[in-house]
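# Architecture and fold: a report
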Amino acid sequence: GAGVSQTPSNKVTEKGKYVELRCDPISGHTALYWYRQSLGQGPEFLIYFQGTGAADDSGLPNDRFFAVRPEGSVSTLKIQRTERGDSAVYLCASSLTFVGDRGVSGANVLTFGAGSRLTVL
Amino acid sequence: LAKTTQPISMDSYEGQEVNITCSHNNIATNDYITWYQQFPSQGPRFIIQGYKTKVTNEVASLFIPADRKSSTLSLPRVSLSDTAVYYCLVGERYSSASKIIFGSGTRLSIRP
């Protein structure tokens, strides 16, 4: 697609429920990132994928959070047993990467979606 | 990962030039400097990227001194629509994807 698409744009759930947030990256972008942003704060890194594999998941706050990207394109962030503190905007971004010695203009430049606002009551 | 430091907030007026400086004392040889802009209810948007000296595009200019320990984002003749949060990031450009960390950014407010 033309940009990074995230669904749903808004999700209201109750404490203890399970939530899935979806990200559809730009076609051809091999790297995909998830961030979480609270009001007045910068985006907080959660996890990034290179292709299908999670290259770095060190930002996931605990084992209630999990993300997958089974075919190297669409990714789903899954949150189990949601807590009120999970309320935030969840941002997805993708970037073009490459293999080899020479760079591609715009490598490691992130294109973000509009985010999914999660509210846990 | 090189840490960056930038002012929490800045105010200016329409038509003025705004310069936001970012410190990155531990920048590595292969690191590039990238700036993003974020409006309310939107994800951050890439503005400009540079390695040394000066880079200019249709939106902004980026000035990087020879020691590369800081950089300055320059927005010419700002308008109300430039009110946003601006993030400075440092990281390798020519590598496979890597963890990209955002700080708290600089909240720029433009007044009429």
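It should be noted that the structure appears before, not after, this text.
Below is a short write-up of the structure. (Residues numbered from 1 in each chain as written. Chains lettered and ligands numbered in written order. Predicted model: local features only at pLDDT ≥ 70, side-chain atom pairs only at ≥ 80, totals over all residues. Heavy atoms only, no water.)

## A closer look at the overall build of chain B
Note the cut-off: Each helix is a run of DSSP H or I of at least 4 residues and each strand a run of E of at least 2, with the numbering of both proceeding from the N terminus. For this measure, only C-alpha atoms enter the radius of gyration; the expected value for a globule follows 2.2 Å times N^0.38, where N is the number of residues. Here's how the labels work: a residue is buried when its accessible area is under 20% of the maximum for its type, exposed when over 50%, partly exposed in between, all with a 1.4 Å probe on protein chains only.
Scanning chain B from terminus to terminus reveals zero helices and nine strands. Overall, chain B shows an N-to-C arrangement of helices and strands of β-β-β-β-β-β-β-β-β. Against the globule reference of 13 Å for 112 residues, chain B gives a C-alpha radius of gyration of 14 Å, in line with a compact fold. Each principal axis of the C-alpha atoms in chain B carries an extent, and together these give about 40 × 30 × 25 Å. Burial analysis of chain B (112 residues in total) assigns 46% to the buried set.

## A few points about the pairing of strand E11 (residues 116-120) of chain A
Looking along a regular strand, one sees the side chains alternate between the two faces of the sheet. Residues and elements named next belong to chain A. Heads up, the condition is: In this analysis, strands are considered paired if DSSP registers two or more bridges between them.
Of the two faces of E11, the one holding Ser116, Leu118 and Val120 is buried and the one holding Arg117 and Thr119 is not buried anywhere. Alignment of strand E2 (residues 10-13) against E11, held across four bridges, turns out to be parallel. The residue of E11 that forms the bridge with Lys11 is Leu118. Of the strand pairs in this sheet, strand E9 (residues 88-95) and E11 are connected by three bridges, and their pairing is antiparallel. Looking across to E11, one finds that Tyr90 is bridged to Ser116.

## A closer look at the side chain of A:Ser94
Residue and element names in this part refer to chain A. This is how it is decided: Polar contact is defined as a pair of N or O atoms within 3.5 Å, subject to the rule that within protein one atom must be able to donate a hydrogen and the other to accept it, and that residues adjacent in sequence are counted only when both atoms are side-chain atoms.
Relative to the elements of secondary structure, Ser94 occurs in strand E9. For Ser94, a relative accessible area of 0% puts it in the buried group. Within the structure, Ser94 has its side chain in polar contact with the backbone nitrogen of Ile26 (distance 3.4 Å). For Ser94, the side chain forms a polar contact with the side chain of His29, separated by 2.8 Å.

## Brief notes about the state of the cysteines
The test is simple: Defined by distance alone, a disulfide is two cysteine sulfur atoms within 2.5 Å.
Summed over all chains, the structure comprises two disulfides over all chains. Covalently, A:Cys23 is tied to A:Cys92 through a disulfide, its sulfur atoms 1.8 Å apart. Given an S-S torsion of about -70°, the disulfide between A:Cys23 and A:Cys92 has left-handed geometry. Taken together, the residues span a long stretch of sequence, with A:Cys23 in strand E3 (residues 19-24) and A:Cys92 in strand E9 at a distance of 69 residues. For the pair A:Cys23 and A:Cys92, one class covers both residues: buried. With a sulfur-sulfur separation of 2.2 Å, B:Cys22 is cross-linked through a disulfide to B:Cys88.

## Quick look at the sheet that holds strand E7 (residues 65-68) of chain A
Residue and element names in this part refer to chain A. Short version of the rule: Angles run from 0 to 180 degrees between N-to-C directions of axes, and those axes are lines fitted to C-alpha atoms, restricted for helices to the stretch in contact.
Sheet architecture is open: four strands sit in the order E1-E3-E8-E7, paired in antiparallel fashion. With partners counted over all chains shown, the strands left at the sheet margins are strand E1 (5-7) and E7, one partner each. Recorded for the sheet is a direction-independent mean angle of 15° between the axes of neighbouring strands. Pairing geometry for E1 and E3, over three bridges, is antiparallel. The residue of E3 that forms the bridge with Gln6 is Cys23.

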